[in-house]
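# Structure at a glance
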Amino acid sequence: MPKRLASSLSDEVLEHVFSFIQSEKDRNVVSAVCKSWYEIERWCRRKIFVGNCYAVSPEMVIRRFPQVRSIELKGKPHFADFNLVPDGWGGYVLPWITEMAGAYPWLDEIRLKRMVVTDESLELIAKSFKDFKVLVLASCEGFSTDGLAAIAASCKNLRELDLRESEVDDSSVHWLSHFPETYTSMVSLNISCLGSGEVSFSALERLVSRCPNLRSLKLNRAVPLDKTANILRLAPQLVEFSACTYSAELRSDVFSNLAGAFSNCKELRSLSGFWDVVPDYLPAIYSVCSRLTSLNLSYATILSPDLIKLVSHCPSLQRLLVLDYIEDSGLEALASNCKDLQELRVFPSDPFDAEPNASLTEQGLVAVSLGCPKLQSVLYFCRRMSNAALVTIAQNRPNLNRFRLCIIEPNTADYLTGEPFDVGFGAIVEHCKDLIRLSLSGLLTDCVFEYIGKYAKKLEMLSVAFAGDSDLGLHHVLSGCESLRKLEIRDCPFGDKALLTNAAKLETMQSLWMSSCSVSFEACKLLSQKMPRLNVEVIDERGPPDSRPENCTVDKLYIYRSVAGPRFDMPPFVWTKDEDLALRLSP
Amino acid sequence: MELQLGLALPPPPLIPIETFDLNSYGNYETREALGTNALSWPLLKLGPADNDINNIHHHNSSSSSSSSGGGAGCKKRSFDEAPFFDEKRNVPKTLHLLLWTNQPNDEDDDPSNVLHENSSSAIFKNDGEGLVGWPPVKTWRKKVHHQIPNGGAENNRLPAVENGIGGRASKSTYVKVKMEGVPIARKIDLSVHHSFEGLTNTLMRMFGISDGNRKSFKLTYQDREGDWLLAEDVPWRTFIRSLKCLKLIRSRG
């Protein structure tokens, strides 16, 4: 019956049906049903997501999907966020833009993460895509305000410009002024990463006042308080807003102006920023607090008593990012006030200080886990933990799908029993059956990996540091975790054996990162030879890996599957098996 | 980064742990099978001596982590108590402390050198320069908070705040504040304060001291020469320029 159905429906009908299928995974499944569905689907696929820009080449994407409108690309591995990937490693977007400029004239959305974007790329985007609408550059680098000026000047229908966490060079161009006076389409603008010299307030105010559809505005740190109030009054329809620098002393005129401006914003649901905020100004936002669903206070050095007061005004909160200044007492208040909480991230205010400067322990996390029934996503930095706490959390919150715990000092044991956290994390993976992301920390033996391999069947991303005893640990993970896509490991005693035994597994994964582990260059070369669809990159700035003694281990290893073959833009410190890569072209 | 330490040293007799002798620990481990990894450093994991908060604090302030060996503040433990030396575990464990310096000490097998380095926790040595990328906090987040007057790296991500209200300095100045009797030290940003009044208000709030109790505390500070002085004895400007850290003490009489 399905066979007849497939051939009896016309292409147009199928295409129409497919247009309701948005998820990439579903689309991939659809295209695998039969040849005709593959053909129809590939012509009507509009959105592409490439999790690793080196897994496929732009030409291949274009050949298969000729009518794409929206593309998302990711470049460097996640550990690049923590300075583990040397500059110049790669992730250049220009080759993609160049190819797409010719093939996709109707491309209107480009989303990039951890890629190197140049002004040339931005200028090419501005020139090539007539109806360009969305540009998101997350954690990108390599471009300046010149590139932004080109985008501003040419993209008449730009709706979204989001530079979250990118590094932008200041070329002293007043790029905001390059938006023509006729431009009114902005819906979402995030320039929170820009330095003070890079934004002109008057241009910003004029832009905001002529864009009636503006919903999300995230300004940078240097916008002073009185300007903040002005901008809010120009855009009372905002749903998301990132507040700016707060002044040192409370001035009642500034306060009431700000409070008034906020009270006009009936649609406001998300607030962030709060750099240098002085607690006395916080009540200015109380009028919007009851409707807030997302609050990012992770730059704010406000302490627990003021945080408790603030949080108690926000019963609808679903997402909270905060520093450890909130302390256990603040998290207890959160647990009793915010029953809709789904995501909690607690960052360390002073990650490098040996002494804890806030009374934040495992108790806070336990309180939130017990009190917030919808809690799904946790990122928690702390200095002490116990297995008992982890077990409690696991048993009470089996609906957790992201659990990232960072016990700041490597190899810290359970403070109550002195034992490793194998049992605690074991409970997490056993009870939280939908866990897709996990980060481990603290003292851990191979046992925890046995639990993970056994229970974490839906786990897609695992981060490991300073853990394990032997190759057995890595073997458990590679052989047991069926859904694993990304594995990143640092400073663990995992070596050749586990890697070579599970070579086939690596092709089912997106990528594997291993740094400061015990893998030899010989093993890397062997893996590379036996697995042609894996790119095995040894990142080592100390010199050619095979010029060192036999038992010397590689510094960093990045393995990813690819149908594009070896890349041609490797810097000198990336070593692969191909000695004849003397034809390496530097970017 | 490899150390031949464990293999090079002769095994001394096992002694009860007053001062943790890592040499003996290391060799205890190397007597067990190192496994096929043939890692050339001795592998060891240690846990905290006890869970008393004061001891933990002291433990930390003697700059050893819960998993380090060092420090005279640790409770005495014999090998029997140590939870890690059970016979079933004949696989190597990781001793992180021996490895984490940025200096290439590949050839440096000197045990006394290693022990000296082990006296501080892994990530907290060299003013936080020890481990790359740990704790896993994004670079721009570090720049927001980790701004110490003497060591903080100048970076172009900090705004110059030309329009800044009150003409604040562009680089925030955080100093440590302790209160007598409270184990946890705080940090306070001096650049947002311009008077003793404002500073005291913040401190009172920070430590939860009510207005009524204010009078029973005095603010003292340690200057660059290491002397402890009363804050109220000097003008604000002098205070700001010379202070290194603060302490609230209970005033007697």
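All values reported here derive from a predicted model rather than from experimental measurement.

Below, the discussion takes up the overall build of chain B. Scanning chain B from terminus to terminus reveals 7 helices and 5 strands. Of the regular secondary structure in chain B, the N- to C-terminal order runs α-α-α-α-α-β-β-α-β-β-α-β. A burial count over chain B gives 47% of its 253 residues as buried. Taking the intrachain contacts of chain B between residues at least 6 apart in sequence as the baseline, contacts between residues at least 24 apart amount to 54%. When the accessible surface of chain B is totalled, it reaches about 12,600 Å², and 51% of it is carbon and sulfur.

All names here are of chain A. Extensive coverage of strand E18 (residues 461-465) is indicated by the burial of 5 of its 5 residues. The alternating pattern of E18 places Met 461, Ser 463 and Ala 465 and Leu 462 and Val 464 on opposite faces, both of which are buried. Alignment of strand E17 (residues 437-439) against E18, held across 3 bridges, turns out to be parallel. Looking at the pairing, Ser 439 lines up with Ser 463 of E18. Handedness of the crossover joining E17 and E18 through helix H18 (residues 446-455): right-handed. Examined bridge by bridge, E18 and strand E19 (residues 486-490) share 5 bridges and lie parallel to one another. Of the residues in E19, the one forming a bridge with Leu 462 is Leu 487. In this view, the connection linking E18 to its parallel neighbour E19 by way of helix H19 (residues 471-480) has right-handed handedness.

This part covers the packing of helix H2 (residues 11-18) of chain A against helix H4 (residues 35-44) of chain A. All names here are of chain A. Following both chains from N to C, one finds H2 and H4 inclined at 60 degrees, their axes separated by 10 Å at the closest point. In terms of axis orientation, H2 runs oblique to H4. Seen along the crossing, H2 lies across H4 with a hand that is right-handed. In this structure, H2 contributes Asp 11, Leu 14, Glu 15 and Phe 18 to the contact, and H4 contributes Trp 37, Ile 40, Glu 41 and Cys 44. A class-by-class count of the residues in the contact of H2 with H4 yields 5 nonpolar, no polar and 3 charged.

On to the confidence of the model for chain B, then. In low-pLDDT regions, the fine details of the predicted coordinates are not to be read closely. Residue and element names in this part refer to chain B. Of all residues in chain B, 35% have pLDDT values of 70 or greater, and the mean over the chain is 53. A low-confidence stretch, residues 1-120 (pLDDT under 50), is modelled with 219 contacts involving residues beyond four sequence positions or located in other chains. The ipTM value of the predicted complex is 0.87, and its pTM value is 0.76.

As a further point, take the pattern of salt bridges. As enumerated under the stated definition, the model contains 30 salt bridges over all chains in all. Here Arg164(A) makes a salt bridge to Asp162(A), at a shortest N to O gap of 2.7 Å. Judged by its relative accessible area of 4%, Asp162(A) falls in the buried class. For Glu522(A), the salt bridge is made with Lys525(A), and the minimal N-O distance between the two is 3.7 Å. On the criterion of helical spacing, the pair formed by Glu522(A) and Lys525(A) is a turn pair, its members being 3 residues apart in helix H22 (residues 521-530). Overall, the relative accessible area of 40% leaves Glu522(A) in the partly exposed class. Residues joined in a network through salt bridges with shared partners are Asp81(A), Arg114(A), Glu165(A) and Lys138(B).

UniProt tags residues 9-50 of chain A as "domain: F-box" (unreviewed entry). End C-alpha to end C-alpha, residues 9-50 of chain A measures 31 Å, and it is 62% helix and 10% strand.

Time to look at a nonpolar patch on the surface. A cluster of nonpolar side chains, namely Leu9(A), Val13(A) and Val17(A), defines an oily patch on the protein surface of about 200 Å² accessible area. Looking at the secondary structure, you find Val13(A) in helix H2.

Residues and elements named next belong to chain A. Within the element layout of this structure, Gly 195 appears in the loop between strand E8 (188-190) and helix H9 (201-209). Classification of Gly 195 as buried rests on a relative accessible area of 13%. Linking Gly 195 and Ile 97, residues 98 residues apart in sequence, is a C-alpha distance of 27 Å.

Along the chain, Glu488(A) falls in strand E19. Separated by 2.6 Å, the side chains of Glu488(A) and Ser463(A) make a polar contact.

All names here are of chain A. Counting 222 residues, the largest nonpolar core has Leu 320, Phe 403, Leu 438 and Ile 452 as its most contacted members. Those residues in contact with Phe 403, other than ones at most four positions away along the chain, are Leu 365, Val 378, Leu 390, Ile 393, Phe 425, Ile 428, Leu 435, Arg 437, Leu 438 and Ser 439. Among the nonpolar cores identified, the runner-up in size contains 6 residues, and Leu 14, Val 30, Ile 40 and Cys 44 belong to it.

Cut-offs applied
- Residues numbered from 1 in each chain as written.
- Chains lettered and ligands numbered in written order.
- Predicted model: local features only at pLDDT ≥ 70, side-chain atom pairs only at ≥ 80, totals over all residues.
- Heavy atoms only, no water.
- Helix = DSSP H or I, 4+ residues; strand = E, 2+ residues; numbered from the N terminus.
- Buried < 20%, exposed > 50% of the residue type's maximum accessible area, 1.4 Å probe, protein only.
- Contact = heavy atoms within 4.5 Å.
- Areas by Shrake-Rupley, 256 points an atom, 1.4 Å probe, with all protein chains shown as cover.
- Pairing = 2+ DSSP bridges.
- Right-handed = clockwise from strand over helix to strand, strands pointing away.
- Axes fitted to C-alpha atoms, helices over the stretch in contact; angles between N-to-C directions.
- Parallel < 35°, antiparallel > 145°, perpendicular 65-115°, else oblique.
- Left-handed = near helix turned anticlockwise from the far one by under 90°.
- Nonpolar A, V, L, I, M, F, W, Y, C, P; charged D, E, K, R; others polar.
- pLDDT = per-residue confidence, 0-100.
- Salt bridge = Lys/Arg side-chain N within 4 Å of Asp/Glu carboxyl O.
- UniProt positions renumbered as here; feature names shortened; annotations may be inferred.
- Patch = residues over 30% accessible without salt bridge, like charges linked within 9 Å, V, L, I, M, F, W, Y side chains within 5 Å.
- Polar contact = N/O pair within 3.5 Å; in protein donor to acceptor, adjacent residues only side chain to side chain.
- Core = buried A, V, L, I, M, F, W, Y, C linked by side-chain atoms within 4.5 Å.

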